[in-house]
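# A structural walkthrough
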Amino acid sequence: AVVSTQSTGERGREFSLYTRIDLNTLTCLNESTEGTGAGVFKPWEERSDRTKLVESDADEELLFNFSFTGSVKLKGIIVIGGGEDSSPAHLKVFKNSSPMTFDDAGRCADQEFDLQDDKDGVLEYQTRVAKFNNCESLTLYFDRNFGADETRIYYIGLRGEFSEAQKRGVVLCNYESAPQLKDHKTDTKDYNFHGVS
């Protein structure tokens, strides 16, 4: 993890990828209150807001699946946990694998991080940028915390570059294996006589 020395305004601009998440695709597995997982992806300026949080339900695991509205080059992640033992201690990140289940998350991740308890959001976990280029969806799997029964997360910040999705349309083409004269209007007259003698 790297400690940032940038001003708050600069950090806010850098951690604005939350606006590029397609909220219709965002799911959080094992959240104690349905729909609260989306609330931790919020503006940098609101990272200290303790009213929006997600808490795990049956155990310490939380799994987020979501797509972006375009292509992302993910460069860094910030996680603000609940403090004490409820902060997440480990994160597995999967690129373009959404949606995943807890069973799927047992496989090898694209990158893993041992997290530290960071209540202020000053620690950034830098991704291997070449690995997270052309990222269209992410799965974030928090598999353990520092010993509590539940995991609490107040903020997840994503830093990177965004580019609009390339619209790929379907092109319908008709090919002629043998051209038909009636399909091609011309001013020339057909002087070929096909008479039988």
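One can find the structure itself at the top, above this paragraph.
Within any chain, residue numbers begin from 1 and follow the written order of that chain's sequence. Totals for whole chains, interfaces and linings use all residues, but because this is a predicted model, local features are given only for residues with pLDDT of at least 70 and pairs of side-chain atoms are given and counted only at 80 or more. Excluded from the side-chain calculation are hydrogens and water; included are all heavy atoms of the structure.

Turning our attention to the overall build of the protein chain. Put simply, DSSP marks the helices as runs of H or I at least four residues long and the strands as runs of E at least two long, and each gets a number from the N terminus on. When helices and strands are counted, the protein chain shows 1 helix and 9 strands. Each helix and strand of the protein chain, placed in order from N terminus to C terminus, yields the pattern β-α-β-β-β-β-β-β-β-β. Under the scheme applied here, a residue whose accessible area is under 20% of the maximum for its type counts as buried, over 50% as exposed, and between as partly exposed, the area being computed with a 1.4 Å probe on protein chains only. When the 197 residues of the protein chain are sorted by exposure, 39% land in the buried category. Pairs at least 24 apart in sequence give 81% of the contacts found in the protein chain among residues at least 6 apart. Note on contacts: a residue pair is in contact if any heavy atoms of the two residues lie within 4.5 Å.

Moving on to the environment of Lys131. Within the element layout of this structure, Lys131 appears in the loop between strand S7 (123–126) and strand S8 (135–145). Apart from the residues lying within four places of it in its own chain, the contact partners of Lys131 are Lys95 and Asp110.

A few words now on the pattern of salt bridges. Basic side-chain nitrogens of Lys or Arg form a salt bridge, by our definition, when they fall within 4 Å of a carboxyl oxygen of Asp or Glu. Counting across every chain of the model gives 7 salt bridges. For Asp110, the salt bridge identified is with Lys131, shortest N-O distance 3.9 Å. One end of the pair, Asp110, is in the loop between strand S5 (88–95) and strand S6 (111–114); the other, Lys131, is in the loop between S7 and S8, with 21 residues separating them in the sequence. Its relative accessible area of 18% is what places Asp110 among the buried residues. The class of Lys131 is partly exposed, set by a relative accessible area of 39%.

So, on to the environment of Val122. Inspection of the secondary structure assignment puts Val122 in the loop between S6 and S7. For the pair Val122 and Ile78, spaced 44 residues apart in sequence, the C-alpha separation works out to 7.7 Å.

Let us look at the side chain of Arg159. Locating Arg159 in the fold gives a position in strand S9 (residues 152–164). Here Glu124 takes part through its side chain, which lies 2.6 Å from a polar atom of the side chain of Arg159. The contacts of Arg159, once residues within four sequence positions are left out, are Glu14, Phe15, Leu17, Lys73, Leu74, Lys75, Gly76, Glu124 and Gln126. Polar contact criterion, stated in full: a pair of N or O atoms within 3.5 Å, where within protein one must be able to donate a hydrogen and the other to accept it, and residues adjacent in sequence count only if both atoms are side-chain atoms.

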